[in-house]
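Read off the chains here:
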Amino acid sequence: MSYQVSPWELRWQGLAIDQLHRTESTFALANGHIGLRGSLEEGEPVGLPGTYLNGFYESHALPYAEIGYGYPEDGQTVVNVTDGKIIRLLVEDEPLDLRYGQTLDHERAIDFRAGTLSRDTLWESPTGRRVRIRSTRLVSFTQRAVAAIAYEVEPEDAVQLVVQSDLLANEPIERVGKDPRVAAALRSPLVADFAATDRLSAVLVHHAKKSGLRIAAAMDHEIDAQDGLRTDIAAEGDLARLTAAVDVPAGGTLRLVKYLGYGWSAQRSIPALRAQVEAALAGARQTGWSGLLAEQRAFLDDFWTAADVEIDGDDELQQAVRFALFHILQAGARGETRAIAGKGLTGPGYDGHAFWDTETFVLPVLTYTSPDAARDALRWRHSTLPQARERAKVLGKRGAAFPWRSITGAECSAYWPAGTAAFHVSAAVADAAVRYTAATDDREFERSCGIEMLVETARLWVSLGHHDQHGGFRIDGVTGPDEYTAIADNNVYTNLMAQRNLLEAVAACRRHPDLAPDESELAAWQRAADEMIIPYDDLLGVHPQSEGFTEHEEWDFEGTPPENYPLLLHYPYFDLYRRQVVKQADLVLAMHLRGDAFSPEQKAANFAYYEARTVRDSSLSAGTQAVIAAEVGHLDLAYDYLAEAAMTDLHDLHDNVRNGLHMASLAGAWTAVVAGLGGMRDHGGDLTFAPRLPAALSRVSFRMSVRGTRIQVEIDHTDAHYRLVSGSPLDVAHHGERFVIQPGPGVTRPIPKGPDLPAPVQPAGRRPRRR
């Protein structure tokens with residue numbers, strides 16, 4: 001069994017209990033504040049239950065065999081909070097459980113335009129009673145604290161139906177495997193504070209044992225049933241339950257709408273938090289189920305007007321790219337000064353932490369499709385500047401050192417070489433702030449947040465690096481994006497991104513002199529940028545990923561069995577660090593984000609060199625490789641990598657989708673289309689395009705929002721058409737030719753022939769799957 005291909009939905013037909021762990025992630029609903037995994041309403045069978053509130057976590061100590069100065073002491077882990085999805089059904093006295101009786105028909109679908117998860121199940125109980133269950137679930141984009149479920153049961157014959165609608169805290173969670181990237185297991189992390197009921201509503205308030213954060217969950221109901229409905233409600237400790245019993249005649253229907261309200265706080269009292277979620281429920285009840293559906297559809301109609309991607313020639317890829325965009329929106333739409341985690345709110349993977357993935361991969365998508373969500377995520381980073389300054393101080397540096405992984409802004413990585421040493425995180429934050437400001441012209445954000453982040457990160461680079469006796473500025477002992485090379489000197493990606501960080505900090509301070517430090521500091525930033533060392537191997541004609549990388553021993557790819565990937569789970573880091581093996585795009589990522597620093601010839605040579613050494617043990621890699629493959633002329637390879645990025649979760653390519661979706665890979669699918677096939681670049685805030693299509697695709701179209709203007713770019717094998725959807729005229733370039741997109745029929749330009757280079761090779765067994 002597998003997903004059905006459809007352009008605007010993801011549908012699974014048939015019952016596959018052994019695949020629930022996958023579909024619970026792909027069918028997750030979220031709005032950036034609330035996340036509900038796509039588990040069945042009856043609660044069991046279940047792969048991995050999950051209800052998450054963005055930013056709500058539990059604390060735990062980080063274990064070390066040997067302690068060292070500057071090691072983070074406390075970790076944070078996302079918590080599965082009170083589950084309000086549960087609606088149990090008893091037919092006569094037999095509980096609905098798809099492991100028993102017969103499931104005669106079963107399908108579920110997530111609708112990208114409606115923003116809902118629907119279910120249609122025909123079940124026959126062990127004693128032969130048949131009922132059809134239909135449900136529709138949503139997490140509201142317009143009412144941030146609200147989720148809702150419409151649930152109906154239609155029996156074939158007259159029966160007594162009993163429905164139990166729960167709020168349940170401290171569901172048991174099973175940890176599977178030993179992968180360190182999987183969330184830490186938590187047992188009963190919530191402590192009951194308060195429970196109350198009123199008619200058809202209930203509220204539970206809990207707090208996390210160690211972090212002390214408090215969470216409130218509330219439910220209310222509307223029930224449409226025959227005469228004779230009997231209800232009872234109770235709440236105590238970890239459980240609140242509404243029980244409704246009714247005799248339903250043949251052909252009759254029991255209908256229930258369940259409204260959920262969620263909220264959390266580090267400071268608010270129990271009464272205040274209770275009032276908060278009860279107010280959310282009151283708003284939802286006033287809007288009503290049909291009103292919530294209408295609001296959801298209107299919100300998504302507006303999003304797709306700004307963000308839609310159309311692909312002709314590959315129906316499965318079309319579905320996958322819209323799936324990706326939908327989940328990226330869900331991860332950040334209503335986060336509102338909270339982080340966007342590596343798994344969004346689809347699962348507990350990575351402990352619910354945010355990484356540099358957010359700024360480097362996810363925020364470019366949101367910047368050009370849902371800029372308010374990008375702004376809010378950047379405001380969260382800005383709010384964590386005190387922790388970043390403190391971290392830099394602990395490390396003996398100035399400025400702000402943003403964490404490798406975190407929920408609150410405090411560093412939670414217990415592994416120094418692939419955590420603290422990855423200082424490029426700070427450059428990613430600066431880069432995202434600069435891109436957002438250029439793409440939106442949001443000067444209020446630049447003044448209130450952007451400049452301060454640029455100044456503090458610029459201070460970090462000047463403090464971290466030094467001027468050597470040869471007239472260069474060096475940044476030594478750092479780890480770039482490739483986690484199979486650590487504590488390296490002059491990582492090209494890090495140095496180039498630091499250089500841009502420094503130059504953009506100077507430029508921003510020149511625009512806003514009242515917010516700038518003194519002139520001597522600006523001069524120091526400028527000098528460091530001007531003298532930044534960018535290593536180059538003259539013998540091989542390529543840029544080493546970092547100093548000496550091209551002199552390392554080659555990895556024995558031919559002798560590495562397929563089951564030994566990912567390498568980090570089968571070989572010591574010591575061995576990986578000394579070899580020419582690349583976990584994920586590093587130098588290749590530099591050629592995308594700092595493409596202005598490389599010539600076309602250098603890009604082609606670098607891509608071929610690193611393609612032969614990159615194993616893609618990270619889901620971050622394929623989208624970036626697609627971008628540069630397209631730029632240097634390997635369009636069919638770019639298409640393969642685009643598909644890999646888009647299908648990472650739908651095909652479970654890394655065998656870990658049970659722990660949540662890979663937000664950066666989903667974002668990489670959009671990037672592979674827009675920056676890869678569309679050739680979009682935004683160096684210096686200047687929007688340019690260089691589109692070309694692979695042979696398999698006949699047409700690609702995508703939409704973007706730039707400074708309040710929405711445009712559509714439509715590409716075929718001979719021409720590209722640029723059209724203004726709404727807003728003011730926009731100046732762009734097509735393969736170097738500048739023009740203005742005006743209101744009206746748009747502008748069509750021919751697509752020149754691309755480079756014709758020998759196909760690159762990949763490590764043995766690591767070629768992307770061909771489309």
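Residues numbered from 1 in each chain as written. Predicted model: local features only at pLDDT ≥ 70, side-chain atom pairs only at ≥ 80, totals over all residues. Heavy atoms only, no water.

1. Observations concerning the side chain of Thr253
And step 1. Within the element layout of this structure, Thr253 appears in the loop between strand 19 (239-248) and strand 20 (254-265).
And step 2. The residues touching Thr253, leaving out its near neighbours within four places in the chain, are Glu152, Val153, Glu154, Asp224, Ala225, Gln226 and Val248. (Helix = DSSP H or I, 4+ residues; strand = E, 2+ residues; numbered from the N terminus. Contact = heavy atoms within 4.5 Å.)

2. Describing the side chain of Asp431
And step 1. Inspection of the secondary structure puts Asp431 in helix 7 (residues 424-440).
And step 2. Residue contacts for Asp431: discarding those within four places in its chain leaves Met497 and Arg500.

3. Overview of the sheet that holds strand 3 (residues 29-30)
And step 1. A sheet is described by the order of its strands in space; here three strands give the open sequence 3-4-5, paired in antiparallel fashion. At either end of the open sheet lies a strand with only one pairing partner, and these are strand 3 and strand 5 (51-53).
And step 2. As defined by bridge partners, strand 4 (residues 34-36) adjoins strand 5 across three bridges and the pair is classed as antiparallel. For Gly35, the partnering residue across the bridge sits in strand 5 and is Tyr52. (Pairing = 2+ DSSP bridges.)

4. Side note on the packing of aromatic side chains
And step 1. For the coordinates displayed, the defined rule picks out 23 aromatic pairs.
And step 2. Their ring planes at 35 degrees and their centres at 6.3 Å tell us that Tyr71 and Trp416 sit as a pair that is tilted. Remark: Trp416 occurs in the loop between helix 6 (385-394) and helix 7 and Tyr71 occurs in the loop between strand 6 (57-61) and strand 7 (74-78); sequence separation between them is 345 residues.
And step 3. Given a relative accessible area of 30%, Trp416 falls into the partly exposed group.
And step 4. Relative to Tyr493, the ring of Trp356 lies with its centre 6.3 Å away and its plane at 65 degrees, an arrangement referred to as edge-to-face. Of the two residues, Trp356 is situated in the loop between helix 3 (315-332) and helix 4 (357-369) and Tyr493 in helix 9 (residues 492-511); the sequence distance between them amounts to 137 residues. We note that Trp356, like Tyr493, is buried.
And step 5. An aromatic cluster is present here, built from Phe689, Phe702, Tyr722 and Phe739 joined pairwise through their rings.
And step 6. The ring of Trp8 has Arg322 lying over it, and the distance from NZ or CZ to the ring centre is 3.7 Å. (Phe/Tyr/Trp six-rings, centres within 6.5 Å; stacked < 30°, edge-to-face > 60°. Buried < 20%, exposed > 50% of the residue type's maximum accessible area, 1.4 Å probe, protein only. Lys NZ or Arg CZ within 6 Å of the ring centre and 35° of its normal.)

5. Details of the environment of Asn495
And step 1. Mapped onto the secondary structure, Asn495 falls in helix 9.
And step 2. Judged by its relative accessible area of 0%, Asn495 is buried.
And step 3. With 30 residues separating them along the chain, Asn495 and Gly465 place their C-alpha atoms 9.6 Å apart.
And step 4. Aside from chain neighbours lying at most four places away, what touches Asn495 is Ile475, Asn490, Met532, Ile533 and Ile534.
And step 5. Here Ile533 takes part through its backbone oxygen, which lies 2.8 Å from a polar atom of the side chain of Asn495. (Polar contact = N/O pair within 3.5 Å; in protein donor to acceptor, adjacent residues only side chain to side chain.)

6. A word on the nonpolar core
And step 1. Within the largest apolar cluster, 184 residues are counted, with the highest numbers of intra-cluster contacts made by Phe56, Trp356, Phe689, Phe702 and Met704.
And step 2. Residues in contact with Phe56, not counting those within four places in the same chain, are Val78, Val79, Val81, Leu190, Ala208, Leu213, Arg214, Ile215 and Trp264. (Core = buried A, V, L, I, M, F, W, Y, C linked by side-chain atoms within 4.5 Å.)

7. Some remarks on the pairing of strand 8 (residues 87-91)
And step 1. Only one face of strand 8 is buried: it carries Ile87, Leu89 and Val91, and the other face, with Arg88 and Leu90, is open.
And step 2. Two strands pair when backbone bridges link them, and strand 8 and strand 14 (residues 159-168) are joined in this way by five bridges, in the antiparallel orientation. Along strand 14, the bridge assignment pairs Val91 with Leu161.
And step 3. Relative to strand 9 (residues 94-95), strand 8 runs antiparallel, the two being bridged by two bridges. Each residue of the ladder has a partner; that of Val91, found in strand 9, is Glu94.

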